[in-house]
There are 2 protein chains.
Amino acid sequence: MSSIIYYHAGCPVCIEAERTVVSELQKVSDVTIVNLGEDKTSLADAKSAGVQSVPALVINGLSFHINFGAALSALES
Amino acid sequence: MSSIIYYHAGCPVCIEAERTVVSELQKVSDVTIVNLGEDKTSLADAKSAGVQSVPALVINGLSFHINFGAALSALES
């Protein structure tokens, strides 16, 4: 089973990606969904996986940015 | 069944996305894979779906850019 994490911040671009890309992936795998706008403690994990903006997927440790909603730096304050 | 098209141009970023994101999606759906570096006739389709760079997915008509490999304009010449 693949490890899939979906990082978002509730933005419109994030919601569109969640409704399409993530909902497809959920048919084959559990997807851990993390809202970095609410869960600031996960910012370090996201960064160490290479995430620079949301929405993003981390699949088996590799980061994939999907379109562009917000930079991680905008979520840090 | 969802309609999923994966546009790429053979670039390293494209190959990484194909090995991970696309291979997950292929577990649940057929994915049409189009190499825009070789198949220039598909550039118009990709553009009209909103694709601006590769690698990108078009899922049920919505475009999702995955990281950044190359701009579509770089593939037009």
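Here, every reference points to the structure presented above.
(A) Here's a closer look at helix H1 (residues 12–25) of chain B. Residue and element names in this part refer to chain B. Between its first and last C-alpha atoms H1 spans 19 Å; for 14 residues at 1.5 Å apiece the expected length is 20 Å, and the two agree. At Glu-18, H1 is bent by approximately 40°, the largest bend along its length. Those residues of H1 not exposed but buried are Cys-14, Ala-17, Thr-20, Val-21, Val-22, Glu-24 and Leu-25.

(B) Looking closely at the interface of chain A and chain B. Taken residue by residue, the interface counts 17 residues in chain A and 17 residues in chain B. Here chain A and chain B share six residue pairs in polar contact (both at pLDDT 80 or more) between them. Secondary-structure elements contributing two or more residues to the side of chain A that touches chain B are helix H1 (12–25) and strand E4 (62–71) of chain A. Its residues placed into classes, the side of chain A that touches chain B shows nine nonpolar, five polar and three charged.

(C) Molecular detail of the relation of the copies chain A and chain B. Superposing chain A onto chain B requires a rotation of 180° together with a translation of 0.0 Å along the rotation axis, leaving an RMSD of 0.0 Å. Accordingly, the operation relating the two chain copies is best matched by a two-fold axis. Across chain A, the rotation axis passes nearest the C-alpha of Ile-66 of chain A, at a separation of 2.4 Å.

(D) Region of interest: the pairing of strand E3 (residues 53–59) of chain A. Residues and elements named next belong to chain A. Most of E3 sits inside the fold, with seven of its seven residues counted as buried. With four bridges connecting them, strand E1 (residues 4–8) and E3 associate as antiparallel partners. When the sheet's bridge partners are listed, Tyr-7 is paired in E3 with Ala-56. Bridge count for E3 against E4 is six bridges, and the pairing is antiparallel. In the strand pairing of E4, Val-58 is matched with Ser-63. Following E3, the chain reverses through two residues before pairing antiparallel with E4; Asn-60 in that reversal takes a positive phi of roughly 50°.

(E) Seen up close, the side chain of Ser-29 of chain A. Relative to the assigned elements, Ser-29 of chain A resides in the loop between H1 and strand E2 (31–35). Discounting residues that sit within four places of it in the chain, Ser-29 of chain A has contacts with Met-1, Ser-2 and Ile-4 of chain A.

About the thresholds
Residues numbered from 1 in each chain as written. Chains lettered and ligands numbered in written order. Predicted model: local features only at pLDDT ≥ 70, side-chain atom pairs only at ≥ 80, totals over all residues. Heavy atoms only, no water. Helix = DSSP H or I, 4+ residues; strand = E, 2+ residues; numbered from the N terminus. Expected span 1.5 Å × (residues − 1). Bend = angle between axes of the 7 residues up to and from the residue. Buried < 20%, exposed > 50% of the residue type's maximum accessible area, 1.4 Å probe, protein only. Contact = heavy atoms within 4.5 Å. Polar contact = N/O pair within 3.5 Å; in protein donor to acceptor, adjacent residues only side chain to side chain. Nonpolar A, V, L, I, M, F, W, Y, C, P; charged D, E, K, R; others polar. Least-squares fit on C-alpha atoms with pLDDT ≥ 70 in both. Pairing = 2+ DSSP bridges.

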